[in-house]
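Topology and contacts: notes
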Amino acid sequence: MAERISTPSRTKEIIEENGFYFKKNFGQNFLIDSNILDRIADCAGVTSEDCVLEVGPGIGSLTQVLAERAGSVTAVEIDSNLIPILAKTLADYDNIEVLNQDILKTDIDAIIHEKNQDRPIKVVANLPYYITTPIIMDLLENERKVDSITVMVQKEVAERMQAGPGDKEYGALSIAVQYYCDAHLDMIVPPSCFMPRPKVASAVITLKVLPQRKVAAKDEKMLFHIVKCAFGQRRKTLLNCLYNQGGLNLSKEELAEVLTSLGFDERIRGEALSIEDFARLSDALSQKTQ
Ligand code: SAM
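About the cut-offs
Residues numbered from 1 in each chain as written. Predicted model: local features only at pLDDT ≥ 70, side-chain atom pairs only at ≥ 80, totals over all residues. UniProt positions renumbered as here; feature names shortened; annotations may be inferred. Helix = DSSP H or I, 4+ residues; strand = E, 2+ residues; numbered from the N terminus. Buried ≥ 20, exposed ≤ 12 C-beta atoms within 10 Å, placed from the backbone. Contact = placed C-beta atoms within 7 Å. Core = buried A, V, L, I, M, F, W, Y, C linked by C-beta atoms within 7 Å. Domains from an automatic or database assignment. Nonpolar A, V, L, I, M, F, W, Y, C, P; charged D, E, K, R; others polar. Near = placed C-beta within 6 Å. Arc of directions from axis to C-beta. Axes fitted to C-alpha atoms, helices over the stretch in contact; angles between N-to-C directions. Left-handed = near helix turned anticlockwise from the far one by under 90°.

This paragraph deals with the UniProt feature "domain: Ribosomal RNA adenine methylase transferase N-terminal" (unreviewed entry) in the chain. Residues given the UniProt feature "domain: Ribosomal RNA adenine methylase transferase N-terminal" (unreviewed entry) here are residues 36-211. End-to-end, the C-alpha atoms of residues 36-211 are 29 Å apart, and along that stretch the chain is 34% helix and 27% strand.

This is the structure:
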């Protein structure tokens, strides 16, 4: 195995040699603990059969570990100052491609097509925290061909992904994750494992995309539309959220009728509904608005 990029001394050296400055707005907290990096790759179950998409390689600490196990790694990095650094730190690997792009504007389907002939890939990342929700929602809602997603996120966001009805953190992200995946909290990672240290604890979570949904709504666009509507103003009743933001072209009375026909109290809030409840509501509303 080549010298690790991720040791605190080597990371510091790379940063200083290249006159690199951390950018807070890009969520740049680099991992400096080799054991954690190995464990992330273990949790992702990366093998030589796999094509991996990494979001935000930084100076290449996780990329290096992934490249030593995977068939190929495509790493998408927004910060152009990191591109010449990555060219040096990852020079010994011929199975890595670095793209200087914003992941939120990247054609992920084209990468999957080109690198893995449309077979499912694995996504592995120490995510910049400001894009956690949009990137996870993009992968899931657009049903990208992804086998699993193993990501470092803020501990609180990992908890949100696993929250259920009645939990304070329960919301649209919890529902999307649990609708499409089995979620497993792999480990909690303290701030001391990063350079610079973030203010809060982090967690690694693996989302295994289910081949078949446990609960299926007939119209998934409708399902996620009403979920977003219900949590957009979570202190309001579900009826008011649907009436004010639903754009469903139904009167308040008609909406109330749908809710009561499903056994819900008219004053219920979205946060009390399970995924199964949302799927039933979505099916009933689809039928009513057809
Ligand atoms: N993977 C490295 C590690 O573990 O040490 C760096 C992780 S750091 C938390 C997040 C990385 O994502 C940074 O390199 C940052 O520049 C990059 N990044 C931030 N926003 C991005 C975006 N929209 N698209 C692609 N990369 C992004």
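Before going further, it helps to spend a moment on the environment of Pro57. By the element assignment, Pro57 lies in the loop between β2 (51-55) and α3 (61-67). In this structure Pro57 comes out as buried when scored by C-beta crowding, with 29 C-beta atoms within 10 Å. Through-space distance from the C-alpha of Pro57 to that of Leu99 is 10.0 Å; in sequence the pair is 42 residues apart. Ignoring anything within four residues of it in the chain, the contact list for Pro57 reads Leu62, Thr63, Ala75, Glu77, Leu86 and Val98.

With that settled, the discussion passes to the nonpolar core. Membership of the largest hydrophobic core comes to 81 residues, with the highest contact counts inside it found for Val52, Leu66, Ile226 and Phe278. Counting residues per element, this core draws most heavily on helix α9 (residues 220-232), which supplies 7 residues. Contacts of Ile226, omitting those with residues within four sequence positions, involve Leu242, Gly246, Phe278, Leu281, Ser282 and Leu285.

A word on the domain arrangement of the chain. Taken domain by domain, the chain holds domain 1 (8-209) and domain 2 (220-289). Using only C-alpha atoms to locate each centre, domain 1 and domain 2 end up separated by 34 Å. In this complex, domain 1 contributes 9 residues to the contact, which on the side of domain 2 involves 10 residues. Ranked by residue count, the leading element in the side of domain 1 that touches domain 2 is helix α8 (residues 172-180), at 4 residues. Its residues placed into classes, the side of domain 1 that touches domain 2 shows 5 nonpolar, 3 polar and 1 charged.

As a structural note, the neighbourhood of the ligand is formed by 23 residues, with Phe30, Gly56, Gly58, Asn126 and Pro128 the closest of them. Looking at the shell around the ligand, the elements with two or more residues in it are β1 (30-31) and α3. Here the shell around the ligand is built from residues that sort into 13 nonpolar, 7 polar and 3 charged.

What helix α2 (residues 34-44) keeps buried is the set Ile36, Leu37, Ile40 and Ala44. For α2, the angular spread of the buried residues around the axis is 100 degrees, confining them to a single face. Looking at the packing, one finds that the buried side of α2 touches β1, α3, β5 (121-126), β6 (146-154), β7 (181-189) and β9 (202-209). A positive phi of about 65 degrees marks Gly45, the residue just after α2.

Next up on the list: the packing of helix α6 (residues 132-141) against α8. Viewed as axis vectors pointing N to C, α6 and α8 meet at an angle of 35 degrees, and their least axial separation amounts to 10 Å. Crossing handedness for the pair α6 and α8: left-handed. Facing Thr133, Ile136, Met137, Leu140 and Glu141 of α6, the residues of α8 in contact are Leu173, Ala176, Val177 and Tyr180. For the contact of α6 with α8, a count of residues per class yields 7 nonpolar, 1 polar and 1 charged.

With that out of the way, let us pick up the UniProt feature "binding site: S-adenosyl-L-methionine" (unreviewed entry) in the chain. The positions that UniProt labels "binding site: S-adenosyl-L-methionine" (unreviewed entry) are, in the present scheme, Asn29, Leu31, Gly56, Glu77, Asp102 and Asn126. Residue position: Leu31 is located in strand β1. For Leu31, a count of 23 C-beta atoms within 10 Å puts it in the buried group. Not counting residues up to four positions away in its chain, the partners in contact with Leu31 are Ser6, Ile36, Leu37, Ser61, Leu62, Asn126, Cys193 and Phe194. With respect to the element layout, Glu77 can be found in the loop between β3 (72-76) and α4 (83-89). Residue Glu77 is classed as buried on the basis of its C-beta count, with 25 C-beta atoms lying within 10 Å. With residues up to four places along the chain from it excluded, the contact list for Glu77 reads Gly56, Pro57, Leu82, Ile83, Leu86, Val98 and Asn100.

Let us look at unusual backbone geometry. In this structure, the amide linkage connecting Met195 to the following residue, Pro196, adopts the cis form with an omega of -15 degrees. If you trace the backbone, Pro196 turns up in the loop between β8 (194-195) and β9. At Gln117, a residue that is not glycine, the phi angle is positive and equals roughly 45 degrees. Mapped onto the secondary structure, Gln117 falls in the loop between α5 (108-116) and β5. Despite not being glycine, Asp118 has its phi angle at roughly 70 degrees, a positive value. Position of Asp118 relative to the elements: it lies in the loop between α5 and β5. Judged by local crowding, Asp118 falls into the exposed class, with 11 C-beta atoms found within 10 Å.

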